[in-house]
Amino acid sequence: QLQASGGGLVQAGGSLTLSCSASGDVLTLNSMGWYRQAPGKQRELVASHTSTGKTRYKKTVQGRFVISGENAENPMYLRMNSLKPEDTAVYFCAADRSDGLEPLEYWGHGTLVTVSS
């Protein structure tokens, strides 16, 4: 089970940190990540990392967002800096037993991030 939190309303240029905690058989999880879905748009991968140290970022957030979290036993964070109105979306955390960079197996409920201009 995944639990995401930390969303809210922020002005453009501001920062927010999302967190995601996993419970249950977390030792089997090898990848975790964040997705987002804006109104009328498809879900997209924002950032992900694996237990072997691989990391991936969506190009438009690279340099502004940082994913962290040592492993699934500890919370995963997404530090979002220099937020833009186009970052407005519902953000979801996800996890997978595989070691790929697109975790899809387990999902948390979304947390809404709204960036005002």
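Just above, that's the structure.
Since this is a predicted model, take the numbers as computed values, not measurements.

Notes on the side chain of Thr50
And step 1. Its place among the elements puts Thr50 in strand S5 (residues 44-50).
And step 2. The class for Thr50 is buried, based on a relative accessible area of 9%.
And step 3. A distance of 2.9 Å separates a polar atom in the side chain of Thr50 from a polar atom in the side chain of Thr52.
And step 4. A polar contact is formed between the side chain of Thr50 and the side chain of Asp99, at a distance of 3.4 Å.

Section: the state of the cysteines
And step 1. Per the counting criterion, the structure on display carries one disulfide.
And step 2. The disulfide partner of Cys20 is Cys93, and the S-S distance across this bridge is 2.2 Å. Measuring handedness by torsion sign, the sulfur bridge of Cys20 and Cys93 sits at about 65 degrees and is right-handed. One end of the pair, Cys20, is in strand S3 (residues 16-22); the other, Cys93, is in strand S9 (residues 89-96), with 73 residues separating them in the sequence.

Some details on the pairing of S5
And step 1. Burial analysis of S5 places six of its seven residues in the buried class, which makes it a mostly covered element.
And step 2. Sheet topology places strand S4 (residues 31-37) next to S5; six bridges connect them, and they run antiparallel. Paired with Ser31 across the two strands is Thr50, which belongs to S5.
And step 3. The hairpin turn running from S4 into S5, its antiparallel successor, is six residues long, and Gly40 in that turn takes a positive phi close to 75 degrees.

Observations regarding the sheet that holds S3
And step 1. In spatial order, the strands read S1-S3-S8-S7; together these four strands make up an open sheet with antiparallel pairing. Pairing within the sheet leaves two strands with one partner each, and these edge strands are strand S1 (2-5) and strand S7 (65-68). Taken pair by pair, the neighbouring strands of this sheet meet at an average axis angle of 15 degrees, ignoring direction.
And step 2. Pairing geometry for S1 and S3, over four bridges, is antiparallel. By the bridge assignment, Leu2 is partnered in S3 with Ala22.

Observations concerning the nonpolar core
And step 1. With 28 residues, the main nonpolar core has Met32, Trp34, Val46, Phe65, Leu78, Met80 and Tyr91 as its most contacted residues.
And step 2. Taken together, the elements giving at least two residues each to this core come down to S1, S3, S4, S5, S7, strand S8 (76-80), S9 and strand S11 (111-116).
And step 3. Leave out the neighbours within four places in its chain, and Tyr91 touches Leu18, Trp34, Tyr35, Arg36, Val46, Phe65, Leu78, Met80, His109, Gly110, Thr111 and Val113.

Points about unusual backbone geometry
And step 1. In the Ramachandran plot, Ser82 falls in the positive-phi region, its phi being about 50 degrees despite a non-glycine side chain.
And step 2. By the secondary structure assignment, Ser82 is in the loop between S8 and S9.

Digging into the layout of surface pockets
And step 1. In this structure, the largest pocket occupies an estimated 170 Å³ of space.
And step 2. Along the wall of the largest pocket there are 17 residues; nearest its centre are Leu29, Ser51, Glu70, Asn71 and Ala72.
And step 3. Here the residues of the lining of the largest pocket are counted per class, giving seven nonpolar, eight polar and two charged.

Procedures and definitions
Chains are numbered independently. Their residues run from 1 in the order of the written sequence. Owing to the predicted nature of the model, reporting of local features is limited to residues with pLDDT of at least 70; listing and counting of side-chain atom pairs is limited to 80 or more, with chain, interface and lining totals taken over all residues. Values reported for side chains reflect all heavy atoms of the structure, with hydrogen atoms and water molecules removed beforehand. Put simply, DSSP marks the helices as runs of H or I at least four residues long and the strands as runs of E at least two long, and each gets a number from the N terminus on. For the exposure calls, accessible area comes from a 1.4 Å probe over protein chains only, and a residue counts as buried if that area is under 20% of its type's maximum, exposed if over 50%, partly exposed in between. Polar contact is the term for a pair of N or O atoms within 3.5 Å; when the atoms are in protein, one must be able to donate a hydrogen and the other to accept it, and sequence-neighboring residues count only if both atoms are side-chain atoms. Here, a disulfide means two cysteine sulfur atoms that sit within 2.5 Å of each other. Strands are labelled as partners when DSSP assigns at least two bridges between them. Whenever a helix is involved, its axis is fitted only over the stretch in contact; in every case the axis is a line through C-alpha atoms, and angles between N-to-C directions fall within 0 to 180 degrees. Only buried Ala, Val, Leu, Ile, Met, Phe, Trp, Tyr and Cys residues count toward a nonpolar core, and they belong to the same one when joined by side-chain atoms within 4.5 Å. It only takes one pair of heavy atoms within 4.5 Å for two residues to be counted as in contact. Using a 1 Å grid laid over the protein atoms alone, points where a 1.4 Å probe fits but cannot get out form a cavity; open sets with protein on both sides within 12 Å along at least 5 of 7 lines form a pocket; any residue with an atom within 4 Å of a point counts as lining. Grid points are joined across faces, edges and corners, and a volume is the space filled by probe spheres set on the points. Think of it as three bins: nonpolar holds Ala, Val, Leu, Ile, Met, Phe, Trp, Tyr, Cys and Pro, charged holds Asp, Glu, Lys and Arg, and polar takes everything else, Gly as well.

Purely spatial values, then, with no claim about function.
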